[in-house]
Amino acid sequence: MLTQEQNDALTQIGPGTPMGGVLRNYWYPVAFTRELDEFPVKATRLLGENFAVFKTREGGYGIVAEKCPHRGASLVYGIVEDDGLRCGYHGWKFGTGGDCLEILAEPDSSEKFRADCSVRAGEAQELGGLIWAYVGEGTSPELPRYEAYTMHGHRDMGHAIIPCNWLQIMENAVDPYHVEALHGNYFEFIAEQTGMEMPGSFGGNKHEKVAFDDFEHGIIKRRLLVGQDEESDDWKIGHPLVFPYKMWVGGNGVYQMQIRVPIDDTHTNVIFYTVHAPDGIELPDDVHTVDYPIEWMNEDGTYIVDYIEGQDIMAWVSQGEIADRVNEKITKSDVGVVACRRMFRKAIEDVAEGKDPLAVVREPHDVIKLPLERSKFGRGAEFASDWIDNGSMKFSPIAQEMKQLHIDAAKAREAMDNA
Ligand code: FES
Ligand SMILES: [Fe+2]
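None of these values were measured; they are calculated from a predicted model.

A. How the structure looks around the domain arrangement of the chain. By the assigned domains, the chain splits into domain 1 (38–134) and domain 2 (147–418). The C-alpha centroid of domain 2 is placed 35 Å from the C-alpha centroid of domain 1. Opposite the 7 residues of domain 1 that make contact, domain 2 presents 11 residues. For the side of domain 1 that touches domain 2, the residue count by class is 3 nonpolar, 3 polar and 1 charged.

Written out as structure tokens, the structure reads:
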């Protein structure tokens, strides 16, 4: 339970707010690489501010505040040139660093005058099928090359704009008991009521205990299910909340970074960034990269709750645009949620003291590997197949192909074991 002031401090993310100051230390995906290949400039909203993200004809990426410094027209309707973006209204041209390079109607404008005409710019770069942006002050940190974005596999990106604050989605990442209740008991109830088959991997996962460990990229969440021993991956390894806006989850050849980009106080861009790379089978060089919207609301405004992430979205959105943490009843089993809030509060303090908050990466690197169970819920290949059929991946244009890939890989592994 928090006071209203504490809840505001944790959830308001616009310019000038304490949490906004924390979140402006990180890189965020703002477009799919595909989008800027198809049309080289796009609107994007991040941390309560509007931007134009673009790809120059020379192949560089840039992100600038949407409003042109001349008289405020939208740079989303600009012309992309070799080395920058030219406002569509009167043709002022800006480089990827935001400098005003040229004023169309005043070719002999002085450099001194133009120096005063630059547009606020961030930095943008490509990684793993996504365009990433940094819009904070000061020297940008490294874009963390988490394994999801660098590993070889089929990339499957389902996405949706969710009308709620990003923090309640992050709290869900350290809330293991919801898996037993929401994706277990509630799913069983829906299956019973609608006559669908309950997916085996999600039923009957009763928790014996849970644990949370802080580490340099966030919080590792571990669980022991009834019937598992302490050598199980779920207990020994677990998987992390990746500070401040992701969760890394999966196992059995399906790897997923759940990305929750804070658009503003009451909207979050959720991307289920999945890589299919099962052992036992050789993947082609030209792997798939697909992105697609996921459905979460019926035409009558009720939630779609017959799949895993749909159930999560119901819980996130029905808590309200910004969850009411003043009138909640926090209890022992919410220990992960409490740890999460503590971590965010610590980040606010660190930034106030001029320090980098957690998981800001300054060292150049090839790849960052995060802990992850190999065998999820102690289940084998069945888990991959159940997840594709009963998760947001069911909306993917390559769902059936990926399911077959995991079935073939499981057969190949079995043949190898028997050889
Ligand atoms: S408003 Fe952009 S050049 Fe005039
Ligand atoms: Fe969930």
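B. Representation of the environment of leucine 2. Relative to the helices and strands, leucine 2 resides in the segment before α1 (4–11). Accessibility expressed as a C-beta count within 10 Å gives 17 for leucine 2, which makes it partly exposed. Distance from leucine 2 to tryptophan 316, taken between C-alpha atoms, is 18 Å for residues 314 residues apart in sequence. Residue contacts for leucine 2: discarding those within four places in its chain leaves Asn7, Arg325 and Val326.

C. Geometry of the nonpolar core. If you look at the biggest cluster of nonpolar residues, it comprises 95 residues, and the most contacted ones within it are Leu46, Val53, Ile131, Ala133 and Leu241. When residues of this core are assigned to domains, at least three map to each of domain 1 (38–134) and domain 2 (147–418). Other than its neighbours up to four places away in sequence, leucine 46 contacts Tyr28, Val30, Phe51, Ala133, Val135, Val261 and Ile263.

D. Quick look at the environment of leucine 130. As for its placement among the helices and strands, leucine 130 is situated in strand β10 (residues 130–134). Owing to 25 C-beta atoms within 10 Å, leucine 130 belongs among the buried residues under this scheme. When the C-alpha atoms of leucine 130 and histidine 159 are compared, they prove to be 12 Å apart, with 29 residues separating the residues in sequence. Leave out the neighbours within four places in its chain, and leucine 130 touches Pro29, Phe32 and Thr33.

E. How the structure looks around the sheet that holds strand β4 (residues 61–65). A sheet is described by the order of its strands in space; here 3 strands give the open sequence β2-β3-β4, paired in antiparallel fashion. Among the strands making up the open sheet, the edge pair consists of β2 (41–46) and β4. Across the sheet, the mean angle from the axis of one strand to that of its neighbour is 30 degrees, orientation sign disregarded.

F. Focus on the packing of helix α7 (residues 177–194) against helix α9 (residues 308–318). The contact between α7 and α9 brings their axes to 10 Å, and the two run at 105 degrees. Here α7 is positioned roughly perpendicular relative to α9, judged by the angle of their axes. Contacts between α7 and α9 involve Leu182, His183, Tyr186 and Phe187 on the former and, on the latter, Ile308, Gln311 and Ala315. Residues that form the contact of α7 with α9 fall into these classes: 5 nonpolar, 2 polar and no charged.

G. Main features of unusual backbone geometry. Cis geometry marks the peptide bond from phenylalanine 243 to proline 244; its omega dihedral reads 0 degrees. Along the chain, the position of proline 244 falls in the loop between β14 (239–242) and β15 (246–251). At leucine 47, a position not held by glycine, the phi torsion is positive, near 55 degrees. Note on placement: leucine 47 falls in the loop between β2 and β3 (49–55). Take leucine 47: there are 23 C-beta atoms within 10 Å of it, and that puts it in the buried class. At asparagine 252, a residue that is not glycine, the phi angle is positive and equals roughly 55 degrees. Assessed through the 25 C-beta atoms surrounding it within 10 Å, asparagine 252 is described here as buried.

H. Fine view of the pairing of strand β16 (residues 254–264). With 10 of its 11 residues buried, β16 lies for the most part within the structure. As paired elements, β15 and β16 share 6 bridges and run antiparallel to each other. Note on β16: the bridge partner recorded for glycine 251 is valine 254. With antiparallel pairing between neighbouring strands as the criterion, β15 and β16 make up a hairpin whose turn holds 2 residues, including asparagine 252 at a positive phi of roughly 55 degrees. Pairing analysis gives 10 bridges linking β16 to strand β17 (residues 267–276), with the strands arranged antiparallel. The residue bridging glutamine 256 from the neighbouring strand is threonine 274, located in β17. Counted along the chain from β16 to the antiparallel partner β17, the turn is 2 residues long.

I. Local environment of the sheet that holds strand β11 (residues 154–162). Taken in spatial order, the 8 strands make up an open sheet running β12-β13-β14-β15-β16-β17-β11-β18, and their pairing is mixed. Both outer strands of the open sheet, β12 (207–215) and β18 (289–293), are each paired with one neighbouring strand and no more. The mean angle between the axes of side-by-side strands here comes to 20 degrees, regardless of whether they run parallel or antiparallel.

J. The arrangement of the environment of arginine 362 in detail. Of note, arginine 362 is situated in the loop between α10 (335–352) and α11 (382–390). It is 29 Å that separates the C-alpha atoms of arginine 362 and arginine 374, two residues lying 12 residues apart in sequence. Setting aside anything within four residues of it in sequence, one finds arginine 362 in contact with Pro141 and Glu142.

Parameters at a glance
- Residues numbered from 1 in each chain as written.
- Chains lettered and ligands numbered in written order.
- Predicted model: local features only at pLDDT ≥ 70, side-chain atom pairs only at ≥ 80, totals over all residues.
- Domains from an automatic or database assignment.
- Contact = placed C-beta atoms within 7 Å.
- Nonpolar A, V, L, I, M, F, W, Y, C, P; charged D, E, K, R; others polar.
- Helix = DSSP H or I, 4+ residues; strand = E, 2+ residues; numbered from the N terminus.
- Buried ≥ 20, exposed ≤ 12 C-beta atoms within 10 Å, placed from the backbone.
- Core = buried A, V, L, I, M, F, W, Y, C linked by C-beta atoms within 7 Å.
- Pairing = 2+ DSSP bridges.
- Axes fitted to C-alpha atoms, helices over the stretch in contact; angles between N-to-C directions.
- Parallel < 35°, antiparallel > 145°, perpendicular 65-115°, else oblique.

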